[in-house]
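Understanding the architecture of this molecule
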Amino acid sequence: MAEFSWLSRSPLEHVLVVGAHGARDVAPGISLTEVRNFDLIQVMARRGKGAELANAAKVRFGMAAPDLPKAVSASDVTLIWSGPDQFLVLSKSGKHTIDILSQAFSQSASLSDQSHARALISVSGAKARAMLAKLSSLDLHPAAFPIYAAAATSIDHTSVNLWRGDDRPDGQAVFNLLVFASFAESLWHTMLDSAAEYGVDIGYSGELG
Amino acid sequence: MKYSIFSLARAAFSGHKNWQRTWRDASPKDRYDVVIIGGGGHGLATAWFLASEYGIRNVAVLEKGWIGSGNAGRNTTIIRSNYGLPGNTGFYELSMKLWERMEQDLNYNTMVSQRGVINLYHSDAQRDAYARRGNTMRINGIDAELLDLAAVKKMMPFLNFDNARFPVQGGLLQRRGGTARHDAVVWGYAHAASALGVDIIQNCEVTGFGRDANGKVTGVETSRGTIGAGKVGMAVAGSSSRVAAMAGLRLPIESHVLQAFVSEAIKPLIPNVMTFGAGHFYVSQSDKGGLVFGGDIDGYNSYAQRGNMPVMEDVCEGGMALMPMIGRVRLLRQWGGIMDMSMDGSPIIDKTPVDGLYLNAGWCYGGFKATPGSGLVFAHLLARDELHKEAARFRLDRFRRGAVIDEKGVGAQPNLH
Amino acid sequence: MRIVCPFCGERELGEFTCLGDAKPLRPAAGASEDEVFDYVYLRDNIAGEASEHWYHGGGCRAWLKITRNTLTHEISSVEPAAGVGARQVAK
C-alpha cells in the first residue's frame, strides 16, 4: 500500500497577517499569537475507569491530571481539564503522541488525536481582559481566574478550551485558547474586531508558551 | 352613534381617559349551554361565532384575569397564511379570509393591515424550499410571490445586502399577510359577542370540573362559584395541561416561554412584516413607530411570563444581521408569553375523551393569526359535535395514529418546533 | 437564569440546552404501543418544581439533572446525570 504523507498546515495560515492591526497611535494593548505544530491528545476515561486513568496519568506524566477546571504543567507537557474524567495533553516534538499515549492508557481511557483538529491562540497584553470580556461571559479577574485556571466554555457561540498560562516576563497575563480548526477563522476575525481598538500585535510561533 | 369624529374630538378633551367599555362585565349565572374557559382572542372569538353563526347565545367566557391578559396581549400581531402542509394550509387561509372581513363582521376597528409578509431567503436551497412553499400555497388558492433580489432591493432598500455570510437573495411574499391590533381584536370580539348576549366573566378562575356519574362534564368549579354547563370548551393555550389535568387528562403539550420585543419609536422604515431566513427573527413596525419583533422560544419549559438573555441576544443579532443601522435603537420593552408547544408544532381542536369537554390547544407560537379561524372551527365543534372540514386534521388522536402535521419535521421535541 | 455546573461552576444560560422532563424512562423493548405512545407524546408539563435533563454543550459537555421551578425559574439543585464522565450508568 502506498504511504500517505499528510501535509499539515495551520487553519489560520491564510488569514493570519503578521504585524500591527487596528489602532496605530497607541502601543499595542493586545498580542495575538498563534501557536503552530503541537501535539494534542484528548484523553477520556472509559466507563468505571476514572481512578485507573488517574493512576496511569500520574505514572506517565509524573503529576496528577487535573480533576477540576485547571491546567497543570511539567517541562514537556501541559494537561488541560476538558470535562469530567477527561483532559487534553498538549506537547511538542513528538514526546506525547497518540502512539505513545495509547499504550500508557490502553486499559483505562479512549484517546483521540486532535493535533491538527484545533488551533491554539495565545492572547496577552495590557488589554487582554478587556478584549476577552467582550466575547466571554467568564470572570477573568486574577482573583477568579488565576494562573493555570482552565474552562471549557463558549466564545461567540464557538466552543473553546481556555486556560491561563504562565505570565509573560513583563507580568502580563497569558490566555490560551484551543478552538476547533474549522471554527478558528471565524473566531480569529471576531477576536481581531474586538481587539482592534486597543492596537494588536499579531504573530505566530512554533513554541508553546 | 357611539364612534364618530365628534366622539373622538370630545374624548380628546379628557385625554381619552373616559372611553366606556363596550361590553358587559357580567357576573356568572347558574348555568349556560356552553362555557368557554379562557378570555383570550380564541375564547372570545369562539363565543362570538357560537352566537352569530350557530345561534347559541347562552354562552359564558370565563377569564382568570382580565380579557386579553394572556397571549392575546403578548404577541407580535402578525397575520399570514403561508403554511405548507395539508391541514395547516386550508385552516390558516380560512383564518386569513376571516381577518379580511373582521372589521365589518364585528363593527370594530381591529386595525387589520395587509401590508404583506415577506420571508427572506439567503441560499439557493432556501429559495427552492420557499418556491415549493409558494407553489403549495398557490395550488391551494393562497397568494404567494417569489421575489428575486432586485425586487427585494426595490421594496426594502435599507437591508444589508452586503452581508457575506447570509446574503439576501430574495423572498417569498404573501401580500395579503400583515398585522392587526392585538388588543383591539380581543375588545372587538368581546364587544360583538357581548352584544349578542354572551356573558364575559373576568376574575373567574376555573378550579375544577363538575362530573356526573358517567363522567360527563356538568360544569365548572370556579373562584366565583359553581357554573353549570351543557358543554365546556377549553381555550387556555399556555395553561392547557394544567386545566386538562383537572379533568384527569394528560396532553401532548409542553409549556414554553416566547419573548417579544418593541423598540423606541423611529421614523417609518419597515413597510411590511419580514423574517430573516438565516436565523430566527421577524419584525414589523407599529403605527407608533416602534419596531415590534421576536424570534425563537427560550427552549426550556416555563410558566413564568418572562424569558432570559440568550434569546434576547440571538434575536437582536438576527435584526442586526439584516439591518445594522438599528444597532443604536434602544429596546423599549420586552415580555414573555407562555406557548402551548405541541408535539408536532400544530394545534389541537377536538373533543376530549371526557364527555362534554372540548379542547382548543397546542397553538405553539402561531396562535394570534389563527384567532378568527380558531373561533369559527371551535364554535363549529361545540355546536355540531363534529370537526369543521378545515380543522379535520387537528385531532387529538393524530399522534397515536401517526398522522402528525409537522411543518418543521423535528418530531416530538417541542422546544425545537 | 444562570446554572451552577457541578464541574465548571456558575455559567450563563446560553451554554446549556434543555432536553426536558427527566422523569419519563424509555420503555423496555417489547413494551406495548400504549407505553411507547405515552413516553413519546404525553407530558406531565409540570407547573412547579420539576426534574429536568440539561446539557452543558457550550462547556464541559456533561449531562446534568436539574431541579427547577417552572413557575419561577428558580433552580434548587444541579447534579451530574447518571453516566456522566466515567461513572456507571444507573439501571
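Please refer to the structure placed before this passage.
Since the model is a prediction, treat every value here as computed from it, not as a measurement. (Residues numbered from 1 in each chain as written. Chains lettered and ligands numbered in written order. Predicted model: local features only at pLDDT ≥ 70, side-chain atom pairs only at ≥ 80, totals over all residues. Heavy atoms only, no water.)

Section: the packing of aromatic side chains
The description of an aromatic ring pair uses the distance of the two centres, along with the angle that the planes make with each other. Operational definition: Aromatic pairing here means that ring centres of Phe, Tyr or Trp (its six-membered ring) are within 6.5 Å. Orientation follows from the plane angle: under 30 degrees is stacked, over 60 is edge-to-face, and everything else is tilted. Helix and strand definitions follow DSSP, with helices as H or I runs of at least four residues and strands as E runs of at least two, each counted in order from the N terminus. Three labels apply to residues, based on accessible area from a 1.4 Å probe with only protein chains included: buried if under 20% of the type maximum, exposed if over 50%, partly exposed otherwise in between. To sit over a ring, a charge needs its Lys NZ or Arg CZ within 6 Å of the ring centre and within 35 degrees of the ring normal.
Going through the model one piece at a time under the given rule, you end up with 19 aromatic pairs over all chains. Here the aromatic rings of Phe91(B) and Trp363(B) are separated by 5.7 Å at their centres, their planes lie at 35°, and the arrangement is tilted. Of this pair, Phe91(B) sits in helix H3 (residues 88-106) while Trp363(B) sits in the loop between strand E18 (357-361) and helix H9 (371-384), and the two are 272 residues apart along the sequence. Trp363(B) matches Phe91(B) in its accessibility class, with the two residues each being buried. Connected via pairs of aromatic rings, a cluster forms that spans Tyr83(B), Phe91(B), Tyr92(B), Trp363(B) and Phe394(B). In this structure, Arg21(B) packs its charged tip against the face of Trp23(B), placed 4.8 Å from the ring centre. Above the face of the Phe37(C) ring, Arg400(B) is positioned so that its terminal group lies 4.2 Å from the ring centre.

Considerations on the nonpolar core
Burial of nonpolar side chains together is a common tendency in soluble globular proteins. Residues and elements named next belong to chain B. Stated formally: The set of buried Ala, Val, Leu, Ile, Met, Phe, Trp, Tyr and Cys residues whose side-chain atoms join them within 4.5 Å is what this entry labels a nonpolar core. The contact definition used throughout considers only heavy atoms, calling two residues in contact when any of these lie within 4.5 Å.
By size, the foremost hydrophobic cluster in this structure holds 52 residues, and its most contacted members are Ile-36, Leu-44, Leu-50, Val-59, Trp-99, Tyr-189 and Val-198. When residues of this core are traced back to their parent elements, those giving at least two are strand E1 (31-37), helix H2 (41-52), strand E2 (59-62), H3, helix H6 (182-195) and H9. Those residues in contact with Tyr-189 that lie beyond four places of it in its chain are Gly-41, Leu-44, Ala-45, Trp-48, Phe-49, Met-102, Leu-106, Ser-194, Thr-371 and Pro-372. If you look at the next biggest cluster of nonpolar residues, it comprises 34 residues, including Val-220, Ala-244, Ile-348 and Val-354.

As for the interface of chain C and chain B
To be explicit about the condition: Here the quantity called buried area is the accessible surface, traced with a 1.4 Å probe, that two parts lose on coming together, added over both. Think of a salt bridge as a Lys or Arg side-chain nitrogen and an Asp or Glu carboxyl oxygen that are within 4 Å of each other.
The interface of chain C with chain B comprises 25 residues on the first partner and 25 residues on the second. Of the roughly 2300 Å² buried between chain C and chain B on both sides combined, carbon and sulfur atoms contribute 48%. Looking at the side of chain C facing chain B, the largest losses of area belong to Tyr41(C), Arg43(C) and Asn45(C), adding up to 31% of the total buried there. Run the count over chain C and chain B and you get 4 salt bridges. Here Arg250(B) ties to Asp38(C) by a salt bridge, and the two come within 2.8 Å at their closest N and O atoms.

Let's talk about the environment of Ala126(A)
All names here are of chain A. Along the chain, Ala-126 falls in the loop between strand E8 (118-124) and helix H3 (128-133). With a relative accessible area of 61%, Ala-126 lands in the exposed category. Sequence separation of Ala-126 and Thr-158 is 32 residues, and the distance between their C-alpha atoms is 24 Å. Leaving out residues up to four positions away in the same chain, Ala-126 has contacts with Gly-29 and Gln-172.

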